[in-house]
Amino acid sequence: MPELPEVESARSVIERAALGRVIADVDDSDSYVCRPHRPGELRSALAGRKLTAAHRRGKSMWCDTSEDGPALCIHLGMSGKIVIADPGGGEIDGGDYWEGRRRPGDYRWARFTLLFSDGGRMMLVDPRRLGRVRLDPPVELLGPDATTITAAQFRAVVSGRSAPVKARLMEQHRIAGIGNLLADEILWQAKVNPARPIDEITPRETGRLFRAVHSAVDAAIAGGGVHTLPIVAHRHAGGRCPRDGAGLVQGQVGGRTTWWCPKDQD
DNA sequence: TATAGTGTTATCGG
DNA sequence: ACCGATAACACTAT
């Protein structure tokens with residue numbers, strides 16, 4: 001599930017409901033999710049502090065901590081979401097992976113937990129365990145965030161070698177935040193074939209792609225997630241292009257399942 | 001039972 | 001060293 005829009009809503013949940021609460025204890029016992037930290041390392045680094053701010057770049061988010069503590073980075077991976085449970089039994093569920101299957105109060109898949117001194121807790125709930133929690137992430141390795149990238153910066157993303165344009169859009173060190181579904185939506189909006197080599201992209205197409213990056217990301221954030229995007233809603237067997245009704249076709253591009261309209265993405 | 005999956009990264013060959 | 005392709009990672013639902 002999580003691409004930039006989902007991570008942004010998770011960040012906003014943390015900002016709204018977790019900042020300023022004292023961390024009394026930490027469950028960092030999942031040593032795969034918390035790699036390369038050893039069990040107990042995150043607990044000793046965080047216990048007694050508060051989260052003071054929540055940031056995001058691309059699909060990475062991190063929190064500043066009080067008293068000049070380390071930054072706490074949470075990456076949602078393929079199936080992660082943030083759940084905050086308060087002492088009264090209320091709960092804020094910040095995600096939509098397998099929406100409706102997980103019941104409130106079911107914390108089987110909590111892979112990392114901050115226990116607050118007021119009895120509440122903030123969890124990374126992640127069935128597949130491909131999410132990751134770490135201190136002081138190397139954020140500078142990420143490219144410009146897809147919500148704020150400039151036209152000049154985007155021209156650098158779409159220049160150079162022969163990789164398929166879709167693969168390039170998903171390279172987080174060039175532009176941060178675009179995943180498999182957003183990439184399909186951007187290419188569909190811009191009417192560009194996903195497999196088209198980067199070095200054949202024309203300036204006109206670059207302009208369309210740049211505008212599509214912003215309109216797709218903005219629409220997904222406003223709609224509440226990548227699932228609300230037009231092409232995403234139709235990328236299944238029998239799905240049709242919302243623009244011209246042609247049957248969408250499926251293939252592999254950049255190692256990922258890809259759907260596109262054969263009529264106007266060539 | 002076999003397979004696919006909204007992400008990242010190590011590894012291999014060119 | 002760079003680029004591109006692929007497999008692996010861990011786990012669940014279909």
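Calculation notes
- Residues numbered from 1 in each chain as written.
- Chains lettered and ligands numbered in written order.
- Predicted model: local features only at pLDDT ≥ 70, side-chain atom pairs only at ≥ 80, totals over all residues.
- Heavy atoms only, no water.
- Helix = DSSP H or I, 4+ residues; strand = E, 2+ residues; numbered from the N terminus.
- Rg over C-alpha atoms; globule rule 2.2 N^0.38 Å.
- Buried < 20%, exposed > 50% of the residue type's maximum accessible area, 1.4 Å probe, protein only.
- Contact = heavy atoms within 4.5 Å.
- Pairing = 2+ DSSP bridges.
- Axes fitted to C-alpha atoms, helices over the stretch in contact; angles between N-to-C directions.
- Domains from an automatic or database assignment.
- Buried area = accessible area lost by both parts, 1.4 Å probe.
- Polar contact = N/O pair within 3.5 Å; in protein donor to acceptor, adjacent residues only side chain to side chain.
- Parallel < 35°, antiparallel > 145°, perpendicular 65-115°, else oblique.
- Left-handed = near helix turned anticlockwise from the far one by under 90°.
- Core = buried A, V, L, I, M, F, W, Y, C linked by side-chain atoms within 4.5 Å.
- Expected span 1.5 Å × (residues − 1).

Visitor: Which parts of the structure should I look at to understand the overall build of chain A?
Guide: If you tally the helices and strands in chain A, you get seven helices and eleven strands. A compact globule built from 266 residues would reach a C-alpha radius of gyration of about 18 Å, and chain A, at 20 Å, matches this within 12%. Its C-alpha atoms put chain A at 55 × 35 × 30 Å along the principal axes. Per-residue burial over chain A gives 52% buried out of 266 residues. In chain A, once contacts between residues fewer than 6 apart in sequence are set aside, the share between residues at least 24 apart is 63%.

Visitor: Whenever I open this one, unusual backbone geometry confuses me. Can you help?
Guide: Residue Pro36 follows Arg35 across a cis peptide bond; omega there is 5°. For Pro36, the position within the fold is in the loop between β1 (23-27) and α2 (41-46). Positive phi, normally seen in glycine, also occurs at Glu67, with a value near 55°. Within the secondary structure, Glu67 sits in the loop between β3 (60-65) and β4 (69-75).

Visitor: Would you mind showing me how to read the sheet that holds β3 here?
Guide: What holds strands together in a sheet is hydrogen bonding between their backbones, with the strands either parallel or antiparallel. Pairing within the open sheet is antiparallel, and its four strands lie in the order β2-β3-β4-β9. Here the strands that pair on one side only, and so sit at the sheet edges, are β2 (51-57) and β9 (132-135). On average, each strand axis in the sheet is tilted by 20° relative to the strand beside it, whichever way the strands run. Examined bridge by bridge, β2 and β3 share six bridges and lie antiparallel to one another. Note that in β3 the partner of Ala54 across the bridge is Cys63.

Visitor: Help me understand the domain arrangement of chain A, please; the structure alone is not making it clear to me.
Guide: Frequently, the measure chosen for interface size is the accessible area that the parts lose on association. The domain architecture assigned to chain A consists of domain 1 (4-139) and domain 2 (143-260). Placing a centre on the C-alpha atoms of domain 1 and another on those of domain 2 gives a separation of 29 Å. Contact residues are listed per partner, giving nine residues for domain 1 and 18 residues for domain 2. Carbon and sulfur atoms supply 58% of the area that domain 1 and domain 2 bury against each other, a total of about 920 Å² over both sides. Of all residues in domain 1, the largest losses of buried area upon contact with domain 2 belong to Leu4, Pro5 and Lys59, amounting jointly to 50% of the total for that side.

Visitor: Please clarify how the sheet that holds strand β5 (residues 81-85) should be interpreted in this entry.
Guide: The five strands lie next to each other as β1-β7-β8-β5-β6, forming an open sheet whose pairing is antiparallel. The two strands at the open ends of the sheet, each matched to only one other strand, are β1 and β6 (91-93). Geometrically, the sheet is characterised by an average inter-axis angle of 15° between neighbouring strands, direction not taken into account. Two strands pair when backbone bridges link them, and β5 and β6 are joined in this way by three bridges, in the antiparallel orientation. When the bridges of β6 are listed, Ala85 appears paired with Glu91. Against the sheet, helix α1 (residues 4-17) makes contact with β5, β6 and β8 (121-125), and its axis sits at roughly 20° relative to β5, the strand it touches most.

Visitor: Explain the side chain of Asn180 to me, please; I cannot follow it from the model alone.
Guide: Tracing the backbone shows Asn180 in helix α5 (residues 180-190). A polar atom in the side chain of Asn180 sits 2.5 Å from the side chain of Lys166. Within the structure, Asn180 has its side chain in polar contact with the backbone oxygen of Thr257 (distance 3.1 Å). Residue contacts for Asn180: discarding those within four places in its chain leaves Glu3, Lys166, Met170, Arg235, Arg256 and Thr257.

Visitor: How should I be thinking about the packing of α5 against helix α6 (residues 203-223) in this particular structure?
Guide: How two helices sit against one another is set out by the angle between their axes and by the gap between those axes. The N-to-C vectors of α5 and α6 enclose an angle of 130°; their axes lie 8 Å apart at closest approach. Classed by the angle they form, the pair α5 and α6 counts as oblique. In this structure, α5 meets α6 at a crossing whose hand is right-handed. Note on element contacts: α6 touches α5 through Arg208, Leu209, Ala212, Val213, Ser215, Ala216 and Val217, opposite Leu182, Glu185, Ile186, Leu187, Gln189 and Ala190.

Visitor: I tried to follow the nonpolar core on my own but got confused; where do I start?
Guide: Soluble globular proteins tend to pack their nonpolar side chains together in the buried interior. Ranked by internal contacts, the top residues of the largest apolar core, which has 37 residues, are Phe154, Val165, Ile175, Ile178, Ile186 and Leu209. When contributions to this core are tallied by element, the ones reaching two or more residues are α3 (151-157), α4 (165-169), α5, α6 and α7 (230-234). Excluding residues that lie within four positions of it along the chain, Phe154 makes contacts with Ile149, Leu169, Ile175, Thr206, Leu209, Phe210 and Val213. Counting residues in each nonpolar core, the second largest holds 29 residues, with Ala54, Leu76, Phe116 and Val133 among its members.

Visitor: Before we go on, may I ask you to explain α6 in this structure?
Guide: Side chains that are three or four residues apart share a direction in an α-helix, a result of its 3.6 residues per turn. Its 21 residues give α6 an end-to-end C-alpha distance of 30 Å, which sits within 8% of 30 Å, the value for a rise of 1.5 Å per residue. Buried within α6 are the following residues: Glu205, Thr206, Leu209, Phe210, Ala212, Val213, His214, Ala216, Val217 and Ala220. Where α6 is buried, its residues touch α1, α3, α4 and α5. In the stretch just after α6, Gly224 is the one whose phi turns positive, near 100°.

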